[in-house]
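Chain and residue survey
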Amino acid sequence: MKGRICIITGSNSGIGKETAIGLANMGATIVMVVRDQLRGEKARKEIVNQTGNSSVDLMICDLSSMSSIRHFAEEFKKKHDRLDVLINNAGATFSKREVTSEGFERNFAVNYLGPFLLTHELLSLLKSSASSRIINVSSGLAKNGKVDLDDLQSEKNYAGTKFYSPSRAPAYDNAKLMLMMFTYELARRLKGSGVTVNVLMPGFTATNLGKNSGSLSSYIMFKMVRPMQQSAKKGAETSVYLASSDEVKDLTGKCFAKKKEVTSCPASYDEDLQKRLWNKTESMLGLAPDRSML
Ligand SMILES: NC(=O)c1ccc[n+]([C@@H]2O[C@H](COP(=O)([O-])OP(=O)(O)OC[C@H]3O[C@@H](n4cnc5c(N)ncnc54)[C@H](OP(=O)(O)O)[C@@H]3O)[C@@H](O)[C@H]2O)c1
């Protein structure tokens, strides 16, 4: 991975941090994309000390803010003339419905809309750097998700993680399903470009996920299940594999778990819905057709 530039969002903690360690150990240049300078700098120092790789940079971006993403992408392009790997890893879950200052529901913004826009903003660079790779970190919970094009932001029917019921899928699960569908649609659009895009399910992992969900009961639940969870290092293995292995260099539009290709939930393969979701997302982001990804 020497000389390869890898962006990893949410790399100050959990799976993202272990992914950064794994790729730094292979000699890659890491750009940690985090929302908090202090937490990011602490993690950056740990990664440099642990790996002996000093090519670990820190950049700030709040993935729930579309203006922050646009600003970050501009700054990144001023500093770097290539991008080999983009790992859309940052994620979060919220119990209560919250809306960002730009008017987006938070689960939707962080777990789907943000990665969609970040990929869009960096796509020309990824293409000019081909062969290059995009890796989206989804979740096995996507199988509970539903994509309602008339209620993408759960205005009518919100469920936080702790209120799961079969008739109301949690907004987190919906967003992770959308991220999978985005992956498959993007892979079709990128055919022949030298840019691959795959999605993965890291498995049940001991990280900080759920800590900031705003609900004491989910926080306690996350603590209680700790013994059943794999380590963050284990949870990062598939991300590291997809970013670096020659075995997958030409594979695109696939889902992975435990470093193996797997089938994702049936709903994720609905091509008609993938296209309609794509078009709706572009219009929500104000991406005119001539500025659209492809
Ligand atoms: N842990 C699991 O069992 C599991 C299972 C399936 C999928 N996943 C997925 O794996 C990915 C990594 O999560 P994790 O388990 O490693 O959890 P984590 O330890 O909480 O890490 C999540 C990372 O995302 C960052 N993040 C959250 N909101 C952000 C925002 N608005 N802008 C920028 N960064 C933001 C966090 O930053 P802060 O530290 O500043 O909050 C943190 O660095 C997520 O996409 C998650 O959905 C996890």
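Residues numbered from 1 in each chain as written. Predicted model: local features only at pLDDT ≥ 70, side-chain atom pairs only at ≥ 80, totals over all residues. Heavy atoms only, no water.

**A closer look at the side chain of Lys176**
The test is simple: Where helices and strands are cited, they refer to DSSP runs of H or I of at least four residues and of E of at least two residues respectively, numbered from the N terminus. Whether a residue is buried, partly exposed or exposed follows from its accessible area with a 1.4 Å probe, protein chains only, as a fraction of its type maximum: under 20%, in between, or over 50%, in that order. Note that His is not counted, nor are the chain ends; the positive residues are Lys and Arg, and the negative ones are Asp and Glu. Whenever Lys or Arg places a side-chain nitrogen within 4 Å of a carboxyl oxygen from Asp or Glu, that contact is recorded as a salt bridge. Whether two residues are in contact is decided by their heavy atoms: any pair within 4.5 Å suffices.
Assignment of secondary structure puts Lys176 in helix H5 (residues 171-189). In this structure Lys176 is buried but unpaired, with Asp173 as the nearest side chain of opposite charge at 9.3 Å. Setting aside chain neighbours within four positions, we find Lys176 in contact with Asn111, Val137, Ser138, Ser139 and Ala142.

**Regarding the environment of Leu38**
Assignment of secondary structure puts Leu38 in helix H2 (residues 37-51). Separated by 26 residues in the primary sequence, Leu38 and Asn12 have C-alpha atoms spaced 9.7 Å apart.

**Some details on the nonpolar core**
The line we're drawing: Here, the term nonpolar core denotes a set of buried Ala, Val, Leu, Ile, Met, Phe, Trp, Tyr and Cys residues that are joined through side-chain atoms within 4.5 Å.
Judged by nonpolar contacts, the single largest core of 55 residues is most densely connected at Ile7, Phe72, Phe76, Leu83, Leu122, Ile134 and Val147. The set of elements that each furnish at least two residues to this core consists of strand E1 (5-9), strand E2 (29-34), helix H3 (66-79), helix H4 (106-128), H5, strand E6 (195-200), strand E7 (255-257) and helix H9 (271-284). By residue number, the principal contributor to this core is H4, which donates 11 residues. The residues touching Ile134, leaving out its near neighbours within four places in the chain, are Leu86, Asn88, Thr119, Leu123, Leu126, Leu186, Leu190, Val195, Thr196, Val197 and Asn198. One finds Ile8, Ile21, Ala24 and Phe256 within the second-largest nonpolar core, a separate group that totals 26 residues.

**Quick word on the pattern of salt bridges**
For the coordinates displayed, the defined rule picks out 16 salt bridges. Across the salt bridge formed by Glu46 and Lys17, the nearest N and O atoms sit 2.4 Å from each other. Here Lys17 lies in helix H1 (residues 14-25) and Glu46 lies in helix H2, a separation of 29 residues in the sequence. The partner of Arg276 in a salt bridge is Asp272, and the shortest N-O contact between them spans 3.2 Å.

**Description of empty space enclosed by the protein**
It is a probe the size of a water molecule, rolled over the atoms, that shows where empty space is left. Defined as follows: Using protein atoms alone on a 1 Å grid, points that fit a 1.4 Å probe yet trap it form a cavity, whereas open point sets bounded by protein on both sides within 12 Å along at least five of seven lines form a pocket; residues with an atom within 4 Å of a point count as lining. Grid points are joined across faces, edges and corners, and a volume is the space filled by probe spheres set on the points. Each residue is assigned to one of three groups, with Ala, Val, Leu, Ile, Met, Phe, Trp, Tyr, Cys and Pro labelled nonpolar, Asp, Glu, Lys and Arg labelled charged, and all others, Gly among them, labelled polar.
Per the stated rule, a full pass over the model turns up 1 cavity of 30 Å³ or more. The volume enclosed by the largest cavity comes to roughly 30 Å³. Sorting the residues of the lining of the largest cavity by element identifies strand E5 (132-137) and E6 as the ones contributing at least two each. Among the elements that take part in the lining of the largest cavity, E5 stands out by supplying 3 residues, more than any other. Among the residues forming the lining of the largest cavity, the class breakdown is 4 nonpolar, 2 polar and 1 charged.

Note that every value here comes from positions in space, so none of it alone points to a role or purpose.
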